[in-house]
Amino acid sequence: MRVVYAGSFDPITLGHISVIERAGTLFDEVHVLIANNRSKKHYFDLAQRTGLAELSTAHVTNAIVVPFEGIVADYVNANAVKAVIRGIRNSTDLEYELQLEQYMRTTTTADTVYLSPYLKDIQTSSSLVRMFIQSNKTELAQTFMHPDAYAKMVTFAK
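Definitions and limits used
- The residue count restarts for each chain, going from 1 along the sequence in the order it is written.
- In keeping with the predicted nature of the model, local features appear solely for residues at pLDDT of at least 70, side-chain atom pairs appear and are counted solely at 80 or more, and the whole-chain, interface and lining totals rest on all residues.
- Working from all heavy atoms in the structure, the side-chain values ignore hydrogens and water.
- Burial classes: relative accessible area under 20% of the type maximum marks a residue as buried, over 50% as exposed, and values in between as partly exposed (1.4 Å probe, protein chains only).
- Only DSSP runs of H or I covering at least 4 residues are called helices, and only runs of E covering at least 2 are called strands; the numbering of each starts at the N terminus.
- Note: the arc covers the axis-to-C-beta directions of the helix.
- The rule for pairing is simple: two strands pair if DSSP sees at least two bridges between them.
- With the strands aimed away from the viewer, a crossover counts as right-handed if its path from the first strand over the helix to the second runs clockwise.
- A helix is expected to reach a length of 1.5 Å times the quantity of its residues less one.
- We call two residues in contact when some of their heavy atoms are within 4.5 Å.

Draft legend 1. Geometry of helix H5 (residues 126-134). Residues of H5 that are buried include every one of Ser-126, Val-129, Phe-132 and Ile-133, and no others. Looking down the long axis of H5, one finds its buried residues gathered within 120° of arc, a one-sided arrangement. Downstream of H5 by one or two residues, Asn-136 has phi in the positive range, about 60°.

Written out as structure tokens, the structure is:
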């Protein structure tokens, strides 16, 4: 079964990676959509975010990283996707994700599957990593990112 895990991944964190790893054990193909939401101000551009995701997920053999501009529902419908994976860390995430699920139900035939990160990665967020970078404390981001992606990210953040 083909599933999609979509997000801005700005940048991809260990929390995201743990959701991708878990999805990789449950499904045949995990399409990791690196969304380019034009209404969002991304810290890293689409190519950088895609590269970081590729480095971070290379060990998940059934994960396919896809840079994507457009509506996730369009990708789901055009690619015979059966489920959309959404990561949940806490009740605040759940509230937002339930709204997205309702949208997906009205625009696709895909089901939504909620997965939480591994417990050790549950408090990881891209916002936290960006805060470290913007505060010139890039080294603090290291504990929240895949080592190869962190090394590459440091070259982008200079």
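Draft legend 2. Quick peek at the pairing of strand S1 (residues 2-7). Counting buried positions along S1 gives 5 out of 6 residues, so the element sits mostly inside the fold. Note that S1 and strand S2 (residues 29-35) share 6 bridges and pair parallel. Its bridge partner being in S2, Ala-6 is matched across the sheet by Leu-33. Between S1 and its parallel partner S2, the chain crosses via helix H1 (residues 14-26), and the hand of that crossover is right-handed. For S1 and strand S4 (residues 83-87), the ladder comprises 3 bridges, and the chain directions are parallel. Across the sheet, residue Val-4 finds its bridge partner in S4, namely Val-84.

Draft legend 3. Main features of the pairing of S2. Most of S2 sits out of view: 6 of its 7 residues are buried. Of the pairings in the sheet, the one linking S2 to strand S3 (residues 63-68) comprises 6 bridges and is parallel in character. Each residue of the ladder has a partner; that of Ala-35, found in S3, is Phe-68. With helix H2 (residues 46-57) bridging S2 and its parallel neighbour S3, the resulting β-α-β unit is right-handed.

Draft legend 4. Highlighting helix H4 (residues 91-107). Under the 1.5 Å per step criterion, the end-to-end length of H4 is 25 Å for 17 residues, consistent within 8% with the ideal 24 Å. For H4, the complete set of buried residues consists of Asp-93, Glu-97, Glu-101 and Met-104. In a view along the axis of H4, the buried residues occupy a sector of 75°, so they form one face of it. Within H4, the exposed residues directed more than 90 degrees away from the buried face are Ser-91, Thr-92, Glu-95, Gln-99 and Thr-106. Where H4 is buried, its residues touch helix H3 (72-78), S4 and strand S5 (111-115).

Draft legend 5. Region of interest: unusual backbone geometry. Note that the residue after Asp-10, namely Pro-11, is joined by a cis bond; omega there is 0°. Inspection of the secondary structure puts Pro-11 in the loop between S1 and H1. Backbone geometry at Ala-80 places phi at a positive 50°, although glycine is not the residue there. The backbone of Asn-136 shows a phi angle near 60°, a positive value even though the residue is not glycine. Of note, Asn-136 is situated in the loop between H5 and helix H6 (147-157).

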